[in-house]
Amino acid sequence: VLDIQAQLLELTADFGGRAEGTVIEAQVEEGRGAVARLLVQQGRLKKGDYVVIGRAFGRVRDIINDRGERIDEAEPSTPVAISGINEVPDAGDKFYVVKNIREAEAASAERKQQERESSLATEKVTLDNIFAKLKEQGRKELPLIVKADVQGSLETLKAQLPRIRSEEVATVIKHAAVGGVNESDIQLAEAANAIVIGFNVTSSGKARKMAEAKGVDVRFYDVIYDLTDDITKAAEGLLEPELKLEILGHAEVRAVFRISKVGMVAGCYVTDGSIRRNAQIRVTRDDIVVEKDRRLVELKRFKDEVKEVNSGQECGMRIDGYDDIREGDILECYLTKEVRRKLEVAD
């Protein structure tokens, strides 16, 4: 089908001249250094060519095809892996063959300058956005250092992890790179109070010892869904818990007594549920809340101190620090519980 479509659309490639194409994937391989997996789209890529690949540059040291065979050159529509470049490029970067190493280095420097200027071009604070900025600065952050095996995995994580956020919590990637976890990552994590996340990578012995000594949390994953689930749970832990009221019962004040050195004691009848000592009390009068969040410090059945009185029973109650109790008041007994909130992943 692809062949028929290529013929109908008259898609052709130039098999002569300098090669160019696109980076499919990139990673660091032991013994080879930075390796870029490319798709040649125009021209011929030859061993020894000078190339510029996004911010990376170098001279092609070896070319390996999709069958793992070393070859001397690659034509259009050929996927290959090359080594000899100075750093790992990004997936999707274009590559070009140039005349010499000076031209490659100059093109690489220009790309790096563009990236630097883009990162420095931060939004200025104005009267129009200052309140939004202040609100955003009030959010809690979950800082991360992310290391991955290949550029494609890293790009996926850089796209997915910042989406784990809310109006109160933001997941922020402080540093992301291809390769194993090293001492520099641990030092940065300590300075930024960040968690180190490794995807399909491991860490050096020195890095492990440093992380243990400095108390830096380092997590390793090989399934991306496990990683995002754990980060979501960690971000949820930064959310302020939601307070929910659990209503225990209601009691009607039938009589009020003043006891010296004690204060006002209410003689009550429990109309529903139960009344529990040391629970919270809300006082309503004519369906209006006149006092809330008080503590029930004494609860008696006849002359005996009890922990709980059920519906249909009479009791004596004393509310901590509140004496303005009247006959006919309704006392609502409740507990305030903290409920862990769930984080909604942003679109």
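Because the structure is a prediction, the values reported are computed rather than measured.

A. Spotlight on the nonpolar core. In this structure, L38, L45, I53 and I82 are the most contacted members of the largest nonpolar core, which totals 37 residues. The residues touching I82, leaving out its near neighbours within four places in the chain, are R32, A34, V35, A36, L38, L45, V51, I53, V60, D62 and I63. Formed by 22 residues, the second largest nonpolar core is a distinct cluster that contains C268, I275, I281 and C333.

B. The arrangement of the pattern of salt bridges in detail. Taken as a whole, this structure holds 25 salt bridges when the rule is applied. With a shortest N-O distance of 3.6 Å, E69 and R67 are connected by a salt bridge. Residue class for R67 comes out exposed when judged on its relative accessible area of 60%. With its nearest N and O atoms 3.7 Å apart, the salt bridge here joins R254 to E252. Under the relative-accessibility criterion, R254 is labelled partly exposed at 44%.

C. Layout of a nonpolar patch on the surface. Among the surface-exposed residues, I4, L8, L9 and L11 lie close enough to one another that they form a single nonpolar patch of about 450 Å² accessible area. By secondary structure assignment, the location of I4 is in helix 1 (residues 2–8).

D. Examining the sheet that holds strand 12 (residues 195–199) more closely. Within the open sheet, the four strands sit side by side as 11-10-12-13. Their pairing is parallel. Looking along the sheet, the strands with just one partner apiece sit at the ends: strand 11 (169–178) and strand 13 (218–221). For this sheet, the mean inter-axis angle between neighbouring strands, taken without regard to orientation, is 25°. Examined bridge by bridge, strand 12 and strand 13 share four bridges and lie parallel to one another. Pairing of V196 across the sheet is with V218, part of strand 13.

What counts, and at which threshold
- Residues numbered from 1 in each chain as written.
- Predicted model: local features only at pLDDT ≥ 70, side-chain atom pairs only at ≥ 80, totals over all residues.
- Heavy atoms only, no water.
- Core = buried A, V, L, I, M, F, W, Y, C linked by side-chain atoms within 4.5 Å.
- Buried < 20%, exposed > 50% of the residue type's maximum accessible area, 1.4 Å probe, protein only.
- Contact = heavy atoms within 4.5 Å.
- Salt bridge = Lys/Arg side-chain N within 4 Å of Asp/Glu carboxyl O.
- Patch = residues over 30% accessible without salt bridge, like charges linked within 9 Å, V, L, I, M, F, W, Y side chains within 5 Å.
- Areas by Shrake-Rupley, 256 points an atom, 1.4 Å probe, with all protein chains shown as cover.
- Helix = DSSP H or I, 4+ residues; strand = E, 2+ residues; numbered from the N terminus.
- Pairing = 2+ DSSP bridges.
- Axes fitted to C-alpha atoms, helices over the stretch in contact; angles between N-to-C directions.

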